[in-house]
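What follows is the residue order along each chain.
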Amino acid sequence: MKLATYASALLALFMFGSMAIAQDAKPQPKPEEKKAEEKFDRGDEKAEKELKKAYTRIISAEAKGLERFKGDAKIVIDMSSSGLPINVPPQVGTLLWKSGKAPHFEPSGEAEKGPGGMDTSAMTRQAFAPFMSFVFGVEAWDTRFKEANFKFGEVPEAEKAEKDAKKKKTYIVVKYRDAEQPAETYALAENKVVGMAAKRTLQGQEQLVQYSFVYEDKGKELKIKEVLLTSKMTIPAGALPGAEPDPKHPEGEKKEGEKEGEGEEQPADEEGGIDMSVKLTEFATVGKAEICTKLEVTIDVKAGPMQLSIPASLVITNPKGNKDVSDDDLKPLDNAPKADGTGGGSEDEGF
């Protein structure tokens, strides 16, 4: 495998989905889908109220009135632990956001190319897309759950015997009217959203991504201080250096004169996974809203025998909101590349 291809595959491991509790860009409904006379079934009213009570405690810049945002931003991803000569230069640009859209990083100037002509700017944006939503906390309740169905989920067998009230969890399953938006299971304890699980698709492979949250308890409100994420996956044979099948003899094809059972064993799929820690360490006030101005991310990657710990960070300066952000400022949001690099739209779409 070429170095550039491997580096792209490595960074692709990071892009396993938008933070499900944060702002996701939702596809706009087609005109024929808008039927005012249809009343969407919201499910169990008690389950909805219980989730709403816990969810709305989490600080949300949108719920505090922030509708649009612009700030200078710098993204750093340190690939030195990969052992490969992959230098991803720090990316400097502008972070843009408005209600209903995922955050977008617009680079300043021409991006420096990486090994093999890699577009390190695009790779950095894609790799960091899942984290940028936490700059703004969570979506407002009425935005995220406008068309959602709620029901109580089953308590795992291992937890049914738990007698400590503080450790007991309630599970609420949320399904959305938009069939393309995955269902989510929220775990609640002591009137807090302590965890969430959802199925995401990475590189065409569906996997379960699990989230847990650490807060600064401010009484009525909870400020997100850290998000922990865990995802397991299967890495196809040949996706890692040294495991590539012989291109002249694809899997299942025998070499000339080779008998059944002879020849080297073909490489097998590898089990892997990603654990991430996203720490929100610095904050600023924009109007009545609070935003995070520094994210410190640690990405632990296990891919077969390879284990990496990759640090990354996002720093925002000169934050501006609402009337200080013009429509012209936000034009790059409408032209933002998709994750596959085509067309316009959000970088978060398709994960």
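You'll find the structure just up there.
Here the structure is a predicted model, which means the values were calculated and not measured.

## A word on the side chain of Ser277
Stage number 1. Relative to the assigned elements, Ser277 resides in strand β10 (residues 270–286).
Stage number 2. At 2.8 Å, the side chain of Ser277 forms a polar contact with the side chain of Glu226.
Stage number 3. Here Ser277 is in contact with Glu226, Val227, Leu228, Glu296, Val297 and Thr298, once residues within four sequence places are set aside.

## Looking at the packing of aromatic side chains
Stage number 1. Using the criterion set out here, one finds ten aromatic pairs in the structure.
Stage number 2. When the ring of Phe145 is compared with that of Tyr176, the centres are 6.3 Å apart and the planes differ by 15 degrees; the resulting orientation is stacked. With Phe145 in the loop between α4 (141–144) and β4 (148–152) and Tyr176 in strand β5 (residues 170–176), this pair connects stretches of sequence that are 31 residues apart.
Stage number 3. Since its relative accessible area comes to 1%, Phe145 is described here as buried.
Stage number 4. When the ring of Phe145 is compared with that of Tyr186, the centres are 6.1 Å apart and the planes differ by 65 degrees; the resulting orientation is edge-to-face. Of this pair, Phe145 sits in the loop between α4 and β4 while Tyr186 sits in strand β6 (residues 184–189); the two residues are 41 residues apart in sequence, bridging distant segments of the chain. Tyr186 matches Phe145 in its accessibility class, with the two residues each being buried.
Stage number 5. Of the aromatic side chains, those joined through ring pairs into one cluster are Tyr55, Trp141, Phe145, Phe150, Tyr176 and Tyr186.
Stage number 6. Lying over the aromatic face of Phe283, Lys223 brings its terminal NZ or CZ to 4.1 Å of the ring centre.

## As for the nonpolar core
Stage number 1. Of all hydrophobic cores here, the largest spans 64 residues; its most connected members are Leu51, Phe128, Phe145, Val193 and Leu295.
Stage number 2. Here this core takes eight residues from strand β11 (residues 289–303), the largest share from any one element.
Stage number 3. Each residue touching Leu51, except ones within four places of it in the same chain, is listed here: Trp141, Phe145, Phe150, Ile172, Val174, Tyr186, Leu188 and Val193.

## Regarding empty space enclosed by the protein
Stage number 1. Inspection of the entire model under this criterion finds two cavities of 30 Å³ or more.
Stage number 2. Approximately 90 Å³ is the volume found for the largest cavity.
Stage number 3. As for the largest cavity, its lining consists of Ile59, Phe134, Val135, Phe136, Gly137, Lys223, Ile224, Leu280, Phe283, Glu290, Ile291 and Cys292.
Stage number 4. At the level of secondary structure, the elements contributing two or more residues to the lining of the largest cavity comprise β9 (221–235), β10 and β11.
Stage number 5. Of the residues forming the lining of the largest cavity, the biggest block, three residues, is contributed by β11.

What counts, and at which threshold
- Position numbers for residues count from 1 along each chain, tracking the sequence in the order it is written.
- It should be noted that, the model being predicted, local features are given only for residues of pLDDT at least 70 and side-chain atom pairs only at 80 or more, the latter also being counted only at that level, while totals for whole chains, interfaces and linings use all residues.
- The basis for every side-chain value is the complete set of non-hydrogen atoms in the structure, without hydrogens or water.
- The numbering of helices and of strands both runs from the N terminus, where a helix is a DSSP run of H or I of at least 4 residues and a strand a run of E of at least 2.
- Between N or O atoms, a polar contact is any pair within 3.5 Å; within protein, one atom must be a potential hydrogen donor and the other a potential acceptor, and residues adjacent in sequence are included only when both atoms are from side chains.
- By definition, residues are in contact when any of their heavy atoms lie within 4.5 Å.
- Here is the rule: rings of Phe, Tyr and Trp (six-membered ring for Trp) pair when centre to centre is within 6.5 Å. Planes less than 30 degrees apart are stacked, more than 60 are edge-to-face, and the remainder are tilted.
- Think of it in three bands: with a 1.4 Å probe and only protein chains considered, a residue is buried below 20% of the maximum accessible area for its type, exposed above 50%, and partly exposed in between.
- Ring-over charges, as used throughout, are those where CZ of Arg or NZ of Lys falls within 6 Å of the ring centre and within 35 degrees of the ring normal.
- Definition of nonpolar core: a set of buried residues of the types Ala, Val, Leu, Ile, Met, Phe, Trp, Tyr and Cys, connected through side-chain atoms within 4.5 Å.
- The method works on a 1 Å grid over the protein atoms by themselves. A cavity is a set of points holding a 1.4 Å probe that cannot get out, a pocket is an open set with protein on both sides within 12 Å along at least five of seven lines, and residues with an atom within 4 Å of a point line them.
- Grid points are joined across faces, edges and corners, and a volume is the space filled by probe spheres set on the points.

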